[in-house]
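Chain and residue survey
Next come the chains, spelled out residue by residue.
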Amino acid sequence: EDPTAAVAKRVRRLVNDVTARAFPHGPQHFVVLISPVSGKGDGPRVWERDAVPVLRYTPHTYEVILTERQGHAETIAATRRFDDGDVIVAGGGDG
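On a predicted model such as this, the values are computed, not experimentally measured, just so you know. (Residues numbered from 1 in each chain as written. Predicted model: local features only at pLDDT ≥ 70, side-chain atom pairs only at ≥ 80, totals over all residues. Heavy atoms only, no water.)

Counting seven residues, the largest nonpolar core is built from Phe-30, Val-32, Ile-34, Trp-47, Ala-51, Val-52 and Leu-55. Counting residues per element, the ones that place at least two in this core are β1 (29–34) and α2 (43–55). At four residues, α2 tops the list of elements feeding residues into this core. For Trp-47, the residues in contact, after removing those within four places along its chain, are Val-32, Ile-34, Val-52, Leu-55, Tyr-62 and Val-64. Leu-33, Ile-65, Ala-73 and Ile-76 belong to the second-largest nonpolar core, a separate cluster that totals five residues. (Core = buried A, V, L, I, M, F, W, Y, C linked by side-chain atoms within 4.5 Å. Buried < 20%, exposed > 50% of the residue type's maximum accessible area, 1.4 Å probe, protein only. Helix = DSSP H or I, 4+ residues; strand = E, 2+ residues; numbered from the N terminus. Contact = heavy atoms within 4.5 Å.)

Quick look at the environment of Lys-9 now. Turning to its location among the elements, Lys-9 is positioned in helix α1 (residues 3–22). Judged by its relative accessible area of 41%, Lys-9 falls in the partly exposed class.

So, about the environment of Arg-49. Structurally, the position occupied by Arg-49 is in helix α2. With relative accessibility at 47%, the residue Arg-49 sits in the partly exposed group. Spatially, the C-alpha atoms of Arg-49 and Ile-65 are 16 Å apart, while their sequence positions differ by 16 residues. A distance of 2.7 Å separates a polar atom in the side chain of Arg-49 from a polar atom in the side chain of Asp-50. (Polar contact = N/O pair within 3.5 Å; in protein donor to acceptor, adjacent residues only side chain to side chain.)

Here it is in structure tokens:
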């Protein structure tokens, strides 16, 4: 076997093992509800700065929904159809 292919196979096996241990339930999908006006109004910027770089190194996916009014996050959570395993994340005063 080609030495490069053998190393690639070992690295792939190691990454798969670490991923399985770190995320025993498999990849998750995060539905992120952010109020763009609560606090200092920097929720979307904080999400992009602090959370997105970390999530890029995981098998998880996410979608961001910016709330439009008071109580909007609650309405979304109550009426939206979520898939099994979705994780709801609320950021800001509306959550």
